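# Residue-level structural notes
Listed here are the chains, written in short residue letters.
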Amino acid sequence: MPLKSSDENRTSSAFSSKLSPEADLCVGLGIVSVVLLSVVGNGLVLVICYRKRKKMSGSELLCINLAVVDFLCCVCFYPFSIVSSFHHVWLGGNITCIYYGLGCYIFGLCGMFTITAISIIRYLKTCYSLAHSESFWLKATNIRLLCCVIWLVSAVWSSFPLFGWGEYVPEPYGLSCTVAWRGYHTSTKDAFYVICSFVCFTLVPALFIVVSQCSILYKVSRFSCELSAKGIRNNLRHAEKRISMMFFCISFGFVIAWAPYAVVSFLFIFHKEPRYMAPEGFVLPALFAKSSHIYNPFIYFYFNKTFQQELRRLLLASYHKLTGNRVGVHISTSQQAPHPIHIQLQERGCAQRTNFAVSHCRPNEIHRGSHSRQLFACWESAAKDAQAIKDKEQNTDCQAVSM
């Protein structure tokens, strides 16, 4: 019985916050800011991509996949950290901890693999001029298949701790859950899982991203210098530079955001000293890593002119809907007309009615009951329409239109 009580106390202490209440409040507000900015930014990206879905290329599907990862991660998992920070303890115990750790690890791997795929495809396209095979590599069907593979690999690898190969535990500061990096010291299976996670799914993808993006920038810069030396001005060259800079910022932003957390976790794997387990040493890198969900939409809107134009159209359409800028007919409620309204258009100056090929406006009068007012009706017809109208007219100077 005392043994059971000690286990419960140890579990409850693992899920309690190791920070001060003021620090927990700051952490919660920081995560709230991340969630709001990410939901708004990535939500706009998804809406714009849906509006221009018929014009999208296959490679842009990877950017959509990245936006989906950032959006769903902030909506489905980060609210647990927010509520727990405000309560100064992790809520839900071990079940919510496993849910949070599993979900965040799946989405983290998806983000890493997606950016790695973007970098490799851009590298092959830029440095090896895959013009002859671009139609194959960048087909929408192949990109969709690649996205499915990314999600499948991430889900399978992240599910191993559910079957005893690794574990999801609270982080040292107590208000988040992740892979048990200290499992390296507990068993051989856990040590193998931790090392493979760090090397194969963190270090190797990061090296691919850095090498490919640096090679792309070098290739584009050298090509631009060659064209400039020959006095050639090429708009395609400027567009390629903007696209390369956009993907460079996305890729390096992701690596830089997650690098401090990866370094701290690496030190936590191999060292047992208390200074490597300080709660403050984990909470700041964890918050900085969460910021990777924010800046991708801003990078899209800054470098991609198509996104800028679509955003303006979307904002204008939303503004018109909110302000109620609609054209309507006001019907007086004082006296309901028993019969349909008859509008009679009376032309003035009908001597020019044969000249329908030119746009012109003529004042007319609208009669509705005993009230009348002027209406300027404008026609713009082609020659065929003029002939059709003349056939219908029977040498009258005025035409009545019933509605």
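Residues numbered from 1 in each chain as written. Predicted model: local features only at pLDDT ≥ 70, side-chain atom pairs only at ≥ 80, totals over all residues. Heavy atoms only, no water.

### Overview of the overall build of the chain
What counts, and what does not: Helical segments are the DSSP runs of H or I of at least four residues, strand segments are the runs of E of at least two, and each set is numbered from the N terminus. With a 1.4 Å probe rolled over the protein chains alone, any residue whose accessible area is under 20% of its type maximum counts as buried; one over 50% counts as exposed, and the rest are partly exposed. Contact between two residues is taken to exist if any of their heavy atoms lie within 4.5 Å; hydrogens are not considered. Computed with the Shrake-Rupley method and a 1.4 Å probe, the accessible areas treat only the protein chains shown as cover for residues.
In terms of helices and strands, the chain carries 13 helices and four strands. Residues counted as buried form 39% of the 403 residues belonging to the chain. Taking the intrachain contacts of the chain between residues at least 6 apart in sequence as the baseline, contacts between residues at least 24 apart amount to 74%. Accessible surface, the chain as shown: approximately 23800 Å² in total, 65% of it carbon and sulfur.

### With respect to the environment of Lys125
As for its position among the elements, Lys125 is in helix H5 (residues 93–127). You can call Lys125 partly exposed: its relative accessible area is 34%.

### A look at helix H4 (residues 78–87)
Looking at H4, one finds that the buried residues are Tyr78, Ser81, Ile82, Ser84 and Ser85. Close packing links the buried residues of H4 with helix H2 (21–51), helix H3 (60–76), H5 and helix H10 (280–290). Looking one or two places after H4, you find His88, whose phi comes out positive at around 65 degrees.

### Some points on the state of the cysteines
Defined as follows: Two cysteine sulfur atoms make up a disulfide if the distance between them is within 2.5 Å.
Taken as a whole, this structure holds one disulfide when the rule is applied. Sulfur-sulfur distance for the disulfide between Cys97 and Cys177 comes to 2.1 Å. Torsion about the S-S bond of the Cys97 and Cys177 cystine: about -120 degrees, corresponding to left-handed handedness. Here the residue Cys97 occupies a position in helix H5, and Cys177 occupies one in strand S2 (residues 177–179), the gap between them amounting to 80 residues. Overall, Cys97 belongs to the buried group, its relative accessible area being 0%. Of all cysteine sulfurs in the structure, the one in Cys196 sits closest to Cys200, which takes part in no disulfide; the separation is 4.9 Å. A relative accessible area of 42% means that Cys200 is categorised as partly exposed.

### Considering the packing of H4 against H5
Just so we agree on the cut-off: Under this scheme, a helix contributes an axis fitted over its contacting stretch, all axes are lines through C-alpha atoms, and angles between N-to-C directions fall in the 0 to 180 degree range. An angle counts as roughly parallel when it lies under 35 degrees, as roughly antiparallel when it exceeds 145, as roughly perpendicular when it falls between 65 and 115, and as oblique in every other case. Any residue outside Ala, Val, Leu, Ile, Met, Phe, Trp, Tyr, Cys, Pro, Asp, Glu, Lys and Arg is labelled polar, Gly included; the first ten of those are nonpolar and the last four are charged.
Two elements in contact, H4 and H5, have axes whose closest approach is 10 Å; the angle formed by their N-to-C orientations is 135 degrees. Accordingly, the angle class assigned to the pair H4 and H5 is oblique. Together, Tyr78, Phe80 and Ser81 of H4 and Thr96, Tyr99, Tyr100 and Cys104 of H5 make up the contact between the two elements. In terms of residue class, the contact of H4 with H5 is built from five nonpolar, two polar and no charged.

### Things to note about the confidence of the model for the chain
Spelled out, the test is: A residue's pLDDT is the confidence the predictor assigns to it, expressed on a 0 to 100 scale.
When the pLDDT values of the chain are averaged, the result is 76; 70% of them are 70 or greater. Confidence drops under a pLDDT of 50 for residues 394–403, and excluding neighbours within four residues, the segment shows 18 contacts in the predicted structure.

### Overview of the side chain of Ser251
Our working definition: Throughout this description, a polar contact denotes any pair of N or O atoms lying within 3.5 Å of each other; where both atoms belong to protein, one of them has to be capable of donating a hydrogen while the other can accept it, and for residues adjacent in sequence the pair is counted only when both atoms sit in side chains.
Mapped onto the elements, Ser251 comes out in helix H9 (residues 235–270). Engagement of the side chain of Ser251 in a polar contact is seen with the side chain of Gln213, the distance being 3.3 Å. Residues in contact with Ser251, not counting those within four places in the same chain, are Ile115, Ser119, Ile209 and Gln213.

### Points about the pattern of salt bridges
Threshold: Note on definitions: salt bridges are taken to be side-chain nitrogens of Lys or Arg within 4 Å of carboxyl oxygens of Asp or Glu.
Under the counting rule described, the total for this entry stands at three salt bridges. One salt bridge connects Glu60 with Lys52, and the closest N-O pair in it is separated by 3.7 Å. No difference in accessibility class separates Glu60 from Lys52, as the two residues are buried.

### Digging into the packing of aromatic side chains
Threshold: Stacked, tilted and edge-to-face are the three classes assigned to paired rings of Phe, Tyr and Trp, where Trp is represented by its six-membered ring and a pair needs centres within 6.5 Å; plane angles under 30 degrees give stacked, over 60 edge-to-face, the rest tilted.
In total, this model carries 20 aromatic pairs according to the counting rule given. Taking the centre distance of 4.9 Å and the plane angle of 15 degrees together, the rings of Trp157 and Tyr193 count as stacked. Here Tyr193 lies in helix H8 (residues 188–229) and Trp157 lies in helix H7 (residues 140–159), a separation of 36 residues in the sequence. The two residues Trp157 and Tyr193 agree in class, both being buried. Note on Phe301 and Phe307: the rings are 5.8 Å apart at their centroids and 65 degrees apart in plane angle, and the pair reads as edge-to-face.

### Topic: the packing of H2 against H10
To be explicit about the condition: Two helices cross in a left-handed way if the nearer one is turned anticlockwise from the farther one by less than a right angle. They cross in a right-handed way if the turn is clockwise.
Look at H2 against H10: their axes get within 10 Å of each other, and the N-to-C directions meet at 15 degrees. By the criterion of interaxial angle, the relationship of H2 to H10 is roughly parallel. As H2 runs across H10, the sense of the crossing is left-handed. Taking contact as the criterion, the partners of Val27, Ile31 and Val34 in H2 are, on H10, Val283, Leu287 and Lys290.

### Notes on unusual backbone geometry
Backbone geometry follows two general trends: most residues other than glycine have a negative phi, and most peptide bonds adopt the trans configuration. A positive phi angle is found at His88, which is not glycine, with a value near 65 degrees. When you line up the elements, His88 lands in the loop between H4 and H5. Judged by its relative accessible area of 30%, His88 is partly exposed.

### Considering a nonpolar patch on the surface
The cut-off we apply is this: Patch definition: residues with relative accessible area over 30% and no salt bridge; like charges joined within 9 Å; nonpolar side chains (Val, Leu, Ile, Met, Phe, Trp, Tyr) joined within 5 Å.
The grouping of Ile120, Val199, Leu203, Val204, Leu207 and Phe208 at the surface amounts to a nonpolar patch, some 470 Å² of accessible area in total. Within the fold, Phe208 resides in helix H8.

### A word on the side chain of Arg122
Along the chain, Arg122 turns up in helix H5. Residues within four places of Arg122 in sequence aside, it is in contact with Ile216, Glu240, Ile243, Ser244 and Phe247.

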